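Letter by letter, the chains look like this.
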Amino acid sequence: QVQLVESGGGLVQTGGSLRLSCAASRSISSFNVMHWYRQAPGKERELVAGITSGGSTNYADSVKGRFTISRDNAKNTVYLQMNSLKPEDTAVYYCRGVASLRGYWGQGTQVTVSS
């Protein structure tokens, strides 16, 4: 059973930074793509950023220039560096990995940005 465990969430002021981590129970090289999603209260879950096994990245327009997704294959961990945080970034952030057409989700980590 594949497990993805997120960490690094917390409370931060507007303009602050946080780095989220997603640790996998197996080699992340086996995942075709790793994503970060987020879900705010009363809203649908939305894609924030993704990184392929080859290192290509993509971002939601709302976070471009502020968030950076990266991966450390040696540590089986994917990161989301979040800078210049805004109150609208407040959400539960989830890690998702796709391998062999199957998706795996983490349990989520709460990010709260105070104004």
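For the structure itself, look to the data block above.
Predicted, not measured: the structure shown is a model, and the values here were computed from it. In this convention, every chain numbers its residues from 1, walking through the sequence in written order. Totals for whole chains, interfaces and linings use every residue, but because this is a predicted model, local features are given only for residues with pLDDT of at least 70 and side-chain atom pairs only at 80 or more, for both listing and counting. Side-chain calculation: all heavy atoms of the structure are included, whereas hydrogens and water are not.

### Describing the nonpolar core
- Grouping buried Ala, Val, Leu, Ile, Met, Phe, Trp, Tyr and Cys residues that are joined through side-chain atoms within 4.5 Å yields what is termed a nonpolar core. To sort residues, take the accessible area from a 1.4 Å probe on protein chains only and compare it with the maximum for the residue type: under 20% means buried, over 50% means exposed, and anything in between is partly exposed. The biggest cluster of nonpolar side chains holds 30 residues, and the ones touching the most others in it are Phe-31, Trp-36, Leu-80, Met-82 and Tyr-93.
- Numbering goes from the N terminus for both helices and strands, where a helix is a DSSP run of H or I of at least four residues and a strand is a run of E of at least two. Listing elements by their share of this core, those giving two or more residues are β3 (18-24), β4 (33-39), β5 (46-52), β7 (67-72), β8 (77-82), β9 (91-99) and β11 (109-114).

### Overview of the pattern of salt bridges
- By definition here, a salt bridge exists when the distance from a side-chain nitrogen of Lys or Arg to a carboxyl oxygen of Asp or Glu is within 4 Å. The full count for this structure, using the stated rule, is four salt bridges.
- A salt bridge links Lys-64 to Asp-61, with the shortest nitrogen-to-oxygen separation between them at 3.1 Å.
- For Asp-61, a relative accessible area of 65% corresponds to the exposed category.
- With its nearest N and O atoms 2.8 Å apart, the salt bridge here joins Asp-89 to Arg-66. A residue pair is termed long-range when its members are at least 10 positions apart, and Asp-89 in the loop between β8 and β9 and Arg-66 in the loop between β6 (57-59) and β7 qualify at 23 residues.
- Using a relative accessible area of 0% as the deciding quantity, one classes Asp-89 as buried.
- Owing to a relative accessible area of 11%, Arg-66 belongs among the buried residues under this scheme.
- Taken together, the shared-partner salt bridges in this structure form one network comprising Arg-38, Glu-46, Arg-66 and Asp-89.

### Some details on the packing of aromatic side chains
- Only Phe, Tyr and Trp rings are paired, with Trp represented by its six-membered ring, and only when their centres lie within 6.5 Å; those with planes under 30 degrees apart are stacked, over 60 edge-to-face, the remainder tilted. What the rule picks out here adds up to three aromatic pairs.
- When the centroid spacing of 6.3 Å and the interplanar angle of 85° are considered together, the rings of Tyr-94 and Trp-105 count as edge-to-face. Linking Tyr-94 in strand β9 with Trp-105 in strand β10 (residues 102-105), this pair joins segments that are eleven residues apart in sequence.
- We classify Trp-105 as partly exposed; its relative accessible area is 38%.
- Three or more aromatic residues joined by ring pairs form one cluster here, namely Tyr-37, Tyr-94 and Trp-105.
- Over the aromatic face of Phe-31 sits the side chain of Arg-26, whose NZ or CZ is 5.0 Å from the ring centroid. By the criterion adopted, a ring carries a charge over it if an Arg CZ or a Lys NZ lies within 6 Å of its centre and within 35 degrees of its normal.

### Regarding the sheet that holds β7
- The four strands lie next to each other as β1-β3-β8-β7, forming an open sheet whose pairing is antiparallel. Two strands lie at the open edges of the sheet, namely β1 (4-7) and β7, each paired on one side alone. Averaged over neighbouring strand pairs, the angle between their axes works out to 15° when direction is ignored.
- By the bridge criterion, six bridges tie β7 to β8 in an arrangement that is antiparallel. Considered in β8, the bridge of Thr-68 is made with Gln-81. A pair of strands is treated as paired once DSSP finds two or more bridges between them. Axis lines are fitted to C-alpha atoms, over the contacting stretch for helices. Their N-to-C directions set the angle, which ranges from 0 to 180 degrees.

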